[in-house]
Amino acid sequence: MKNILILGATGSIGESVLSVIKQNYEKLNLFGISFNQNISKGKQIIDEFSPSFVHIDDLMGYNNIEKSENSSYLNSIEDLENLINHQDIDIIVCAISGFAGLNATHMAAHTGKKLLLANKESIVAGGDLILPIAREYKTEIIPIDSEHNAIFQCLNGEKGTEDVKEIIITASGGPFLGSSVNDLKNVTLQDALDHPNWKMGKKVTIDSATLVNKCLELIEAKYLFDLDEHYFDLVIHPQSIVHSIVTYVDGSSICQMSSPDMKVPIAHALSEKNRLTIDFNSLDFTSLNLTFQEFPKDRMEIQNIAREVCNEGSNLGTVFNAANEIAVESFINGEIKFDEIYEVIYRTFTIDHVSNDLSLESIHDIDTQTRIEAKKVVKSLN
Ligand code: NDP
Ligand code: MG
């Protein structure tokens, strides 16, 4: 039996992890959960799974939740650290959304446990800090992000190999597939949230609509597989069936395929030697029509920023991530138009914040400064 801690259990990834656990009760046990504010969803999970520990980041949520006798309730950052380090936990799933996941990922990287990572932003903002810690403490990071899990499977569990020639990271293209940035000036929040293939949290859904998600994933891949950015190509694949493709130096290309369902990469990441059995939608290969297209030319500038982040390192990833988070938040709040998300990122990115101090404190400082700058850019656009 493996004991699992889900950080960000009330979200979309959290829900998929819970579903895989439910379908494999004899092998997987929900030992602990964390979340922020969603106490009604949190309570539902607690009632159904009776986890031993519940960490609620939001103090009001912690105070207000009706507490059950079978679980211990925690709120402080020290309690979170103790929970993450609890000796009975085998697997930690980091499914918090955004930069808010950095501290938890940082703590988990020190444990020497298995870390299933969905929270790409912690790697984009803090890859140069997190990956060396994970290596030092022998923490095994297994990606849950579908493309990265696909690459991981295609590499047969080996991270980064000299036999790789190229890796294609696929992108659905989101709800605005085929539209130029110019066509997107007046799209609404609802339009942007209407993803054709995946049902996800708000922030990652907007990232998919702008294609910034793919840029974050390029940076994530560079760190997770320890390969230079030039190994990775971003390609649009509207059906979201082929989740990524690894081409080896001998000409073999290996891909991983499934219906678009996050339970598939999650089940892989939670498995040991043998695969876990879950319900899934079978692919009807006789009726599949798989197509691939170039990444849109008018999104080259944003892709180039991501490539610069990969090549330069230092704190550029923190800046890119923070600028994007403020841009997305401002779009969701109706403060900027959809196409202005790019503008906020471009203008914020050119402000000089670079520091080679890669400590957690420095990353937080750069993140805070960048958010201030990005908010100024948002104001200037109004
Ligand atoms: P959601 O917005 O659905 O869920 C986010 C979760 O994080 C919630 O449980 C939320 O708690 C929790 N949370 C937010 N802030 C904090 C905090 N300060 N402390 C503790 N918990 C916190 O996001 P998703 O599940 O969609 O995405 C999670 C991550 O996975 C993101 O990094 C995303 O990019 C990545 N990802 C998601 C995919 C998907 O299919 N959804 C696909 C690939 C990657 P509360 O509900 O209480 O606010
Ligand atoms: Mg993805």
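Refer to the structure presented above.
Undergrad: Can you tell me about the overall build of the protein, naming the residues and giving the values?
TA: Per the secondary structure count, the protein includes 15 helices and 12 strands. Once the C-alpha set of the protein is aligned to its principal axes, its extents read approximately 55 × 50 × 40 Å. The buried share of the protein, reckoned over its 382 residues, is 57%. Partitioning the intrachain contacts of the protein with sequence separation of at least 6 by distance along the chain shows that 69% fall at a separation of at least 24. Here the protein displays about 16,700 Å² of accessible surface, and carbon together with sulfur accounts for 45% of that area. Charge-centre separation for the protein: the mean point of 31 positive side chains lies 3 Å from the mean point of 55 negative side chains.

Undergrad: Could you give an account of the coordination of the magnesium ion (ligand 2), naming the residues involved and the relevant values?
TA: Protein coordination at the magnesium ion (ligand 2): the donors are Asp145 (OD), Glu147 (OE) and Glu217 (OE), at 2.1 to 2.2 Å from the metal. Read N to C, the donor residues that coordinate the magnesium ion (ligand 2) are spaced as D-x1-E-x69-E. Taken together, the residues span a long stretch of sequence, with aspartate 145 in the loop between β7 (140-143) and α7 (146-154) and glutamate 217 in helix α10 (residues 212-225) at a distance of 72 residues. Classification of glutamate 217 by relative accessible area gives buried; the value is 1%.

Undergrad: A description of the packing of aromatic side chains should follow, citing residues and the corresponding values.
TA: Two descriptors summarise a pair of aromatic rings, namely the distance from one centre to the other and the angle between the planes of the rings. Scanning the entire structure with this criterion turns up five aromatic pairs. Ring plane angle 55° and centroid distance 6.4 Å describe the contact between tyrosine 25 and phenylalanine 49, whose orientation is recorded as tilted. Of the two residues, tyrosine 25 is situated in the loop between α1 (12-22) and β2 (28-35) and phenylalanine 49 in helix α2 (residues 39-49); the sequence distance between them amounts to 24 residues. Assessed through its relative accessible area of 42%, tyrosine 25 is described here as partly exposed. Centroid distance phenylalanine 31 to phenylalanine 53: 5.7 Å. Interplanar angle 45°. Geometry classified as tilted. With phenylalanine 31 in strand β2 and phenylalanine 53 in strand β3 (residues 53-56), this residue pair connects regions lying 22 residues apart in the sequence. Within the aromatic cluster, the residues linked to one another by ring pairs are Phe176, Phe331 and Phe338. Directly above the ring of tyrosine 62 sits lysine 67, whose terminal nitrogen or CZ lies 4.8 Å from the centroid. A cation over an aromatic ring shows up here: lysine 67 above the ring of tyrosine 73, its NZ or CZ 5.8 Å from the ring centre.

Undergrad: How would you summarise the pairing of β7 if you had to cite specific residues and measurements?
TA: As paired elements, strand β6 (residues 114-117) and β7 share four bridges and run parallel to each other. Residue pairing across strands places leucine 117 opposite proline 143, the latter belonging to β7. On the question of chirality, the crossover connecting β6 to the parallel β7 by way of helix α6 (residues 120-136) is right-handed.

Undergrad: Could you give me a rundown of the environment of lysine 41, with the residues and numbers involved?
TA: Inspection of the secondary structure puts lysine 41 in helix α2. Taking C-alpha positions, lysine 41 is 9.9 Å from glutamate 15, a pair spaced 26 residues apart along the chain. Among residues more than four places away in sequence, those in contact with lysine 41 are Thr10, Gly11 and Glu15.

Calculation criteria
- As a convention, each chain's residues are numbered from 1 in the sequence order in which they are written.
- As a convention, the first chain written is A and the first ligand written is 1, with the rest following in written order.
- Selection of residues for local features in this predicted model requires a pLDDT of at least 70, selection of side-chain atom pairs for listing and counting requires 80 or more, and totals for whole chains, interfaces and linings are taken over all residues.
- The basis for every side-chain value is the complete set of heavy atoms in the structure, and neither hydrogens nor water enter the calculation.
- Helix and strand definitions follow DSSP, with helices as H or I runs of at least four residues and strands as E runs of at least two, each counted in order from the N terminus.
- Burial classes: relative accessible area under 20% of the type maximum marks a residue as buried, over 50% as exposed, and values in between as partly exposed (1.4 Å probe, protein chains only).
- Here, two residues are considered to be in contact whenever any of their heavy atoms come within 4.5 Å of each other.
- With residues, only the protein chains shown are counted as cover, and all accessible areas are computed by Shrake-Rupley using a 1.4 Å probe.
- Residues counted as positive are Lys and Arg, residues counted as negative are Asp and Glu, and His and the chain ends are not counted.
- To locate a charge, the coordinates of NZ of Lys, CZ of Arg, CG of Asp or CD of Glu are taken.
- In this listing, donors mean N, O and S atoms no farther than 2.8 Å from the metal, or 3.2 Å for Na, K and Ca; water is missing from the atoms, so a site can look incomplete.
- A pair of Phe, Tyr and Trp rings is counted when the ring centres sit within 6.5 Å of each other, with Trp represented by its six-membered ring. The angle between the planes then sorts it: under 30 degrees is stacked, over 60 is edge-to-face, the rest tilted.
- In this scheme, Lys NZ or Arg CZ marks a charge over a ring once it lies within 6 Å of the ring centre and within 35 degrees of the ring normal.
- Note: two strands are recorded as paired if DSSP finds a minimum of 2 bridges between them.
- Note on handedness: a crossover is taken as right-handed if, strands pointing away from the viewer, the path from the first strand over the helix to the second is clockwise.

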